[in-house]
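# Survey of secondary and tertiary structure
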Amino acid sequence: MPRSRKRRHDDAPGPTRILIADDQEDVRSGFRLILGSQPDMSVVGEAADGLTAVDLARALRPDLVLADIRMPGVDGLELTRRLAGPGVPDPMRVLVVTTFDHDSYVRTALHDGACGFLLKRSGPGLLIEGVRAAMSGDILISPQLTVRLLQSLTPASAPAAPTSLSPLTARESEIARLVAKGLTNPEIGKHLSISAGTAKTHIANIQTKLKARNRVGIAAWTWENGLPDPTPQK
């Protein structure tokens, strides 16, 4: 299970302090502009390689580290293990944001404590949502990865018939289907004419009822119980 991570000064008010680790200067610049435009976020440092990022993270103690996978020296997976992995006495939040979407990378990063795995092509909206999700203790995975991980975790045979013993309400079942289709909270809200915050609350309740670790867990449950057609909307 993911361990809880302490926010600095016991949830002291102020913008989320972010360290960006990516070997491409234009990517770091783009992330800095996106995150710096948010009133609740502040970029406090940048690193072009993994070893520098680890050192800066330990010196600056940011609230969140954004880490690419492939960097010189120490890659993003090793960075995640060193800052958030098993045995780290005071783990940090690490959000992996990368071009490389190999399933093994996703599983390794999450196993070693990452609080999310986003693809760069997912766009600025999901990046911002991923940072906020991480700071609230959630794990956000790019929707296309959620669907693919779901498919790899389930047998190739047809899903089971829907069970009549579902612990979910009709609305929660509807939202679980949309999670399994890879929709983000704002997309779910738009689809159901509710706010993204309301969608997030429903998803938190669903996770509690299903004892699911994250959105992948919700998607896996819906597939196993025959609720969704687990393919993303076009």
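Residues numbered from 1 in each chain as written. Predicted model: local features only at pLDDT ≥ 70, side-chain atom pairs only at ≥ 80, totals over all residues. Heavy atoms only, no water.

For the rest of this paragraph, the subject is helix α1 (residues 25-36). For α1, spanning twelve residues, the distance from its first C-alpha to its last is 16 Å, which sits close to the expected 16 Å at 1.5 Å a residue. Of all the residues in α1, the buried ones are V27, R28, F31 and L35. On an axial view of α1, the arc spanned by its buried residues comes to 95 degrees, and they lie on one face. Opposite the packed face of α1, turned more than 90 degrees from it, sit the exposed residues E25, D26 and L33. Buried residues along α1 sit in contact with β1 (16-21), β2 (41-47), β3 (64-67), β4 (93-98) and α5 (124-135). (Helix = DSSP H or I, 4+ residues; strand = E, 2+ residues; numbered from the N terminus. Expected span 1.5 Å × (residues − 1). Buried < 20%, exposed > 50% of the residue type's maximum accessible area, 1.4 Å probe, protein only. Arc of directions from axis to C-beta. Contact = heavy atoms within 4.5 Å.)

Residues other than glycine predominantly adopt negative phi, and peptide bonds predominantly adopt the trans conformation. In the Ramachandran plot, R61 falls in the positive-phi region, its phi being about 50 degrees despite a non-glycine side chain. Its location among the elements puts R61 in the loop between α2 (50-60) and β3. When its relative accessible area of 35% is taken as the criterion, R61 is described as partly exposed. Backbone geometry at S193 places phi at a positive 60 degrees, although glycine is not the residue there. Along the chain, S193 falls in the loop between α8 (185-192) and α9 (196-210). We classify S193 as exposed; its relative accessible area is 69%.

Here we come to the packing of α8 against α9. Following both chains from N to C, one finds α8 and α9 inclined at 105 degrees, their axes separated by 8 Å at the closest point. Here α9 runs roughly perpendicular to α8, going by the angle between their axes. In this structure, α8 contributes N185, P186, I188 and G189 to the contact, and α9 contributes A196, A199, K200 and I203. For the contact of α8 with α9, the class distribution of residues is five nonpolar, two polar and one charged. (Axes fitted to C-alpha atoms, helices over the stretch in contact; angles between N-to-C directions. Parallel < 35°, antiparallel > 145°, perpendicular 65-115°, else oblique. Nonpolar A, V, L, I, M, F, W, Y, C, P; charged D, E, K, R; others polar.)

A few words on the sheet that holds β2. Within the open sheet, the six strands sit side by side as β2-β1-β3-β4-β5-β6. Their pairing is parallel. Among the strands making up the open sheet, the edge pair consists of β2 and β6 (140-141). Where β3 meets β4, four bridges bridge the pair, whose relative direction is parallel. Bridging from a neighbouring strand, A67 pairs with V96 of β4. The sheet strands contacting helix α4 (residues 103-111) are β4, β5 (116-119) and β6, and the helix crosses β5 at an angle near 150 degrees. (Pairing = 2+ DSSP bridges.)

As enumerated under the stated definition, the model contains ten salt bridges in all. In this structure, K209 and E172 form a salt bridge, with 2.8 Å as the shortest nitrogen-oxygen distance. Residue K209 is located in helix α9, and its partner E172 is located in helix α7 (residues 170-180); the two are separated by 37 residues in the primary sequence. Linked through salt bridges whose partners overlap, the residues forming this network are D22, D68 and K120. (Salt bridge = Lys/Arg side-chain N within 4 Å of Asp/Glu carboxyl O.)

Now for the confidence of the model for the chain. Looking at the chain as a whole, its pLDDT mean stands at 82, while 81% of the residues score no less than 70. Counting contacts from residues 230-234, a segment whose pLDDT is below 50, to residues more than four positions away or on other chains yields eleven contacts. (pLDDT = per-residue confidence, 0-100.)

On to the pairing of β4, then. Of all the six residues making up β4, six are buried; the element is thus mostly covered by neighbouring parts of the structure. Here β4 shows a buried face lined by R93, L95 and V97 and a second buried face lined by V94, V96 and T98. One crossover worth recording links β3 to the parallel β4 by way of helix α3 (residues 76-84), and it is right-handed. Relative to β5, β4 is paired through three bridges, and the arrangement is parallel. Looking at the pairing, V97 lines up with L118 of β5. Between β4 and its parallel partner β5, the chain crosses via α4, and the hand of that crossover is right-handed. (Right-handed = clockwise from strand over helix to strand, strands pointing away.)

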